[in-house]
Amino acid sequence: MEKIAIKTTKRMEIVDLTSSVVSIVHKSGVKDGICVVYCPHTTSAIAVNENADPTVKQDIINKLAEIVPQNANYRHLEKNSDAHIKNVLIGPSITFIVENGKLELGTWQGVFFVEGDGPRTREVWVKVMAG
Amino acid sequence: MEKIAIKTTKRMEIVDLTSSVVSIVHKSGVKDGICVVYCPHTTSAIAVNENADPTVKQDIINKLAEIVPQNANYRHLEKNSDAHIKNVLIGPSITFIVENGKLELGTWQGVFFVEGDGPRTREVWVKVMAG
Amino acid sequence: MEKIAIKTTKRMEIVDLTSSVVSIVHKSGVKDGICVVYCPHTTSAIAVNENADPTVKQDIINKLAEIVPQNANYRHLEKNSDAHIKNVLIGPSITFIVENGKLELGTWQGVFFVEGDGPRTREVWVKVMAG
């Protein structure tokens, strides 16, 4: 598998991984198969969404913070229970289809890393598999 | 990969894809492997849930609309930020297990397309892979 | 595929499957590939999160119950619509990467079964695939 290194700069942040994932698929030489994008952290996640209008990212971050606020009656003492919970809702792994050597994305789709407890040094794992 | 064409008729709607996906797996001739069901849109998603009682679908739609209402203080101007956010929560892709040439589903499970910003013409991509 | 048998004891409960999944990957003999962990039920789900501090699990359960309460204006009469909705949000399936014969997990990650309508006898399906 390949690793994408990420450095986040805010507590909550959505980082575009699309070109990195596209490039890993290209370098893999796999023509037909799948591509698994996996987040090995417990307070961040992987999402697919619009990569055109940046206000979409801000709306996602704001609404997630409203649904699962940082400060609530949590028992975990590290002040990041909200990030753990958002991670469970968003999920750590998305499987993509690869065809003709290309990561198959919809017209408006990008692949994103969703930071929930930054700023931190993070990584995302990518596995391309022929089949 | 195969494509399933979908025409939604409401803004929010849950469309049963189970028989289409089962049929694609069957036609693929794959005996053992996986099946990736992937949504290429940014305001709709893929879910697995009960395909017996239709009130479940209605409860899912209603509660999602309550958690992420269409009208709120969003910055994105297309009036569909709610659909983008629900898409991030539900997710664009589910990987199923294929055994003995059959899509492995639990007794009550169906595969569903979750429209968040219809009515629209949509498609879902399906990749069956032996292994 | 392999099956993990689970017996839950409460209505909402998070059960650690990590050692079972690790052991299935080990026994499969697969060196490089993927591992699909799949929940065949419609009122439970699969999640990855912290397996160190048990208060994280409790915070996840409590906040999910707040976001999607058991009693609300639901139409489905089995009094478990909340569990169906949480299942749609969390998701039934996570795909992991396998390398050097090992399930690749982040330092703090565990694989969890999220019961939403227990106590029940459940199972989780695991498919390891080389590639």
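Residues numbered from 1 in each chain as written. Chains lettered and ligands numbered in written order. Predicted model: local features only at pLDDT ≥ 70, side-chain atom pairs only at ≥ 80, totals over all residues. Heavy atoms only, no water.

So, on to the interface of chain B and chain A. At the junction of the two partners, chain B supplies 28 residues and chain A supplies 33 residues. Between chain B and chain A, roughly 2600 Å² of surface is buried when both sides are summed, and carbon and sulfur atoms account for 65% of that area. Taken as a group, B:Tyr38, B:Val88 and B:Met129 account for 23% of the area that chain B buries against chain A, more than any other trio of residues on that side. Taken together, the connections running from chain B to chain A amount to 0 salt bridges. The set of elements that each furnish at least two residues to the side of chain B that touches chain A consists of β3 (33–38), α3 (81–90), β5 (93–99) and β8 (121–130) of chain B. In terms of residue count, α3(B) provides more of the side of chain B that touches chain A than any other element does, 6 residues in total. Among the residues forming the side of chain B that touches chain A, the class breakdown is 18 nonpolar, 8 polar and 2 charged. (Contact = heavy atoms within 4.5 Å. Buried area = accessible area lost by both parts, 1.4 Å probe. Salt bridge = Lys/Arg side-chain N within 4 Å of Asp/Glu carboxyl O. Helix = DSSP H or I, 4+ residues; strand = E, 2+ residues; numbered from the N terminus. Nonpolar A, V, L, I, M, F, W, Y, C, P; charged D, E, K, R; others polar.)

The next point concerns helix α1 (residues 18–28) of chain B. Residue and element names in this part refer to chain B. Those residues of α1 that sit buried are Thr18, Val21, Ile24 and Val25. Relative to the axis of α1, the buried residues are bounded by an arc of 135° and lie together on one face. In α1, the exposed residues that point more than 90 degrees away from the buried face are Ser19, His26 and Lys27. Remark: Gly29 follows α1 within two positions and exhibits a positive phi of approximately 75°. (Buried < 20%, exposed > 50% of the residue type's maximum accessible area, 1.4 Å probe, protein only. Arc of directions from axis to C-beta.)

Residue and element names in this part refer to chain B. Judged by pairing direction, the sheet is antiparallel, and its 5 strands sit side by side in the order β1-β8-β3-β5-β6 without closing on themselves. In the strand order of this sheet, the two ends are held by β1 (2–7) and β6 (102–103), each with one partner. As paired elements, β3 and β5 share 6 bridges and run antiparallel to each other. Each residue of the ladder has a partner; that of Val37, found in β5, is Ile94. (Pairing = 2+ DSSP bridges.)

Time to look at the nonpolar core. In this structure, A:Cys35, A:Phe96, B:Cys35, B:Phe96, C:Cys35 and C:Phe96 are the most contacted members of the largest nonpolar core, which totals 87 residues. What B:Cys35 contacts, discounting residues up to four positions off in sequence, is B:Val21, B:Val25, B:Ile94, B:Thr95, B:Phe96, B:Val98, B:Leu103, B:Val126, B:Lys127 and B:Val128. Within the second largest apolar cluster, 51 residues are counted, among which are A:Ile85, B:Ala45, B:Ile60 and B:Ile61. (Core = buried A, V, L, I, M, F, W, Y, C linked by side-chain atoms within 4.5 Å.)

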